[in-house]
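Coordinates in review
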Amino acid sequence: GSSFYAGMRVLPKAEREAMYAVYAFCRAVDDIADDQQGDRAGRAAALDGWRHDIDALYAGKEPGRAELVAEAVHHFHLDRVDFHAVIDGMAMDVEGDVRWPDFATLDLYCDRVASAVGRLSVKIFGMEHEEGIKLAHHLGRALQFTNILRDIDEDAAIGRVYLAREHLEQAGVALSSPAAVAADPRLDKPARDLAALAHEHYAAAHAILARRPKGHLIAPRLMGAVYQKILTRMEEAGWGPPRHRIKVNKAALLFTVARLWLLR
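The following paragraphs examine the structure supplied in this document. In this text the structure is predicted, and so the values were computed from the model without any measurement. (Residues numbered from 1 in each chain as written. Predicted model: local features only at pLDDT ≥ 70, side-chain atom pairs only at ≥ 80, totals over all residues. Heavy atoms only, no water.)

Here we take up helix H3 (residues 40-58). Taking 1.5 Å per residue, 19 residues should reach 27 Å; H3 reaches 27 Å between its end C-alpha atoms and fits that length. Among the residues of H3, Arg 43, Leu 47, Trp 50, Arg 51, Asp 53, Ile 54, Ala 56 and Leu 57 are the ones counted as buried. Among the structural elements, helix H2 (13-33), helix H4 (70-76) and helix H5 (80-95) are those in contact with the buried residues of H3. The distance from a side-chain oxygen at the start of H3 to the backbone nitrogen of Ala 41 is 3.1 Å, and the residue carrying that oxygen is Asp 39. (Helix = DSSP H or I, 4+ residues; strand = E, 2+ residues; numbered from the N terminus. Expected span 1.5 Å × (residues − 1). Buried < 20%, exposed > 50% of the residue type's maximum accessible area, 1.4 Å probe, protein only. Contact = heavy atoms within 4.5 Å. Polar contact = N/O pair within 3.5 Å; in protein donor to acceptor, adjacent residues only side chain to side chain.)

In this section: the packing of aromatic side chains. Inspection of every chain in the model, using the stated rule, returns 4 aromatic pairs. Measuring from centroid to centroid gives 5.1 Å for Phe 25 and Phe 83, while their planes differ by 80°, and the two rings are edge-to-face. On the criterion of sequence distance, the pair formed by Phe 25 in helix H2 and Phe 83 in helix H5 is long-range, its members being 58 residues apart. Residue Phe 25 shares its accessibility class with Phe 83, and that shared class is buried. Aromatic side chains Phe 103 and Phe 145 sit 6.3 Å apart centroid to centroid with 55° between the ring planes, which places their arrangement in the tilted category. Residue Phe 103 is located in helix H6 (residues 103-125), and its partner Phe 145 is located in helix H7 (residues 129-150); the two are separated by 42 residues in the primary sequence. Classification of Phe 145 by relative accessible area gives buried; the value is 0%. Aromatic rings pair up to connect Phe 25, Trp 50 and Phe 83 into one cluster. (Phe/Tyr/Trp six-rings, centres within 6.5 Å; stacked < 30°, edge-to-face > 60°.)

With that settled, consider the nonpolar core. Soluble globular proteins tend to pack their nonpolar side chains together in the buried interior. Counting 82 residues, the largest nonpolar core has Phe 25, Leu 78, Phe 125, Leu 149 and Leu 163 as its most contacted members. With 11 residues, the single largest contributor to this core is H6. Those residues in contact with Phe 125, other than ones at most four positions away along the chain, are Met 8, Leu 11, Met 19, Gly 215, His 216, Leu 217, Ala 219 and Pro 220. (Core = buried A, V, L, I, M, F, W, Y, C linked by side-chain atoms within 4.5 Å.)

With 21 residues, H2 should cover 30 Å at 1.5 Å per step; its first-to-last C-alpha distance of 30 Å lies within 8% of that length. Turning to H2, its buried residues number three or more, namely Glu 15, Ala 18, Met 19, Ala 21, Val 22, Phe 25, Cys 26, Val 29, Asp 30, Ile 32 and Ala 33. Projected onto a plane normal to the axis of H2, the buried residues spread over an arc of 165° and lie on a single side. (Arc of directions from axis to C-beta.)

Topologically, Ala 14 is positioned in helix H2. Classification of Ala 14 as partly exposed rests on a relative accessible area of 38%. Taking the C-alpha atoms as reference points, Ala 14 and Arg 233, 219 residues apart in sequence, are found 35 Å from one another. Beyond its immediate sequence surroundings of up to four residues, Ala 14 is in contact with His 75 and Phe 76.

Bringing the pattern of salt bridges into the picture now. Using the criterion set out here, one finds 25 salt bridges in the structure. For Asp 30, the salt bridge goes to Arg 27, with nearest N and O atoms at 3.4 Å. In this pair, Asp 30 and Arg 27 are both assigned in helix H2, 3 residues apart and thus about one turn of the helix distant. Overall, Asp 30 belongs to the buried group, its relative accessible area being 18%. The salt bridge partner of Glu 130 is Lys 134, with a shortest N-O separation of 3.3 Å. In this pair, Glu 130 and Lys 134 both sit in helix H7, 4 residues apart, roughly one turn of the helix. Judged by its relative accessible area of 54%, Glu 130 is exposed. Accessibility expressed as a relative area gives 37% for Lys 134, which makes it partly exposed. (Salt bridge = Lys/Arg side-chain N within 4 Å of Asp/Glu carboxyl O.)

What follows covers the environment of Val 69. Position of Val 69 among the secondary structure elements: in the loop between H3 and H4. Of the residues examined, Val 69 reaches a relative accessible area of 1% and is grouped as buried. Placed 48 residues apart in sequence, Val 69 and Ala 21 show a C-alpha to C-alpha distance of 5.5 Å. Not counting chain neighbours up to four residues away, the residues in contact with Val 69 comprise Ala 21, Val 22, Phe 25, Ile 54, Leu 57 and Phe 83.

Set out below in structure tokens:
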């Protein structure tokens, strides 16, 4: 029922299986970063283990767990640096819970955990390099900003606040604790500041897709359409506490898939 799986199921078999492999890699390292039972040193060592395995794969050695993405790497010529970027993004969460980063740090985090995944994906989709890199940049940030705005309460519960320090301070939100930030009624303003930036990135991504570049692009079209709709619904509800998590309507998702398929 997720927009990810709905988008991937319409891909040809080789591309679909490669995307599932990349997704499984991302889930594996994300689970390490979010493991609330493990200590930081152990989680950092686990991420280093993934770096070692990725390096071994590209060196033609025994890849260990990276065997998971071996076929995708060889078939679609995926770049090692992008796998490392994803791991580096997860390491930011392990080194210390991310709390109200300055915007430059937030942007770096989003590049690593989202746009790097996009750079892997657009190669699998068969996009030309320049257009693919641009799409990964804009759609990755748009989707990650949307996730941040949807997960404010869940993140605060594990000691994290991904909203930008500049936006929080401009709204007068005291940076005392994640729980206090999440409960502050003034949170609506910094959330809307980030939402406005997300819309700018969605617009840039839509403009790229509107040029109908080469590639299997129903998946990014679907992700953009679904997540921007979630963002709009959050804007309508506002971010003042108490908040209610916006969910994807399965019937609407299927309708969007059908519409994009017919208009491809």
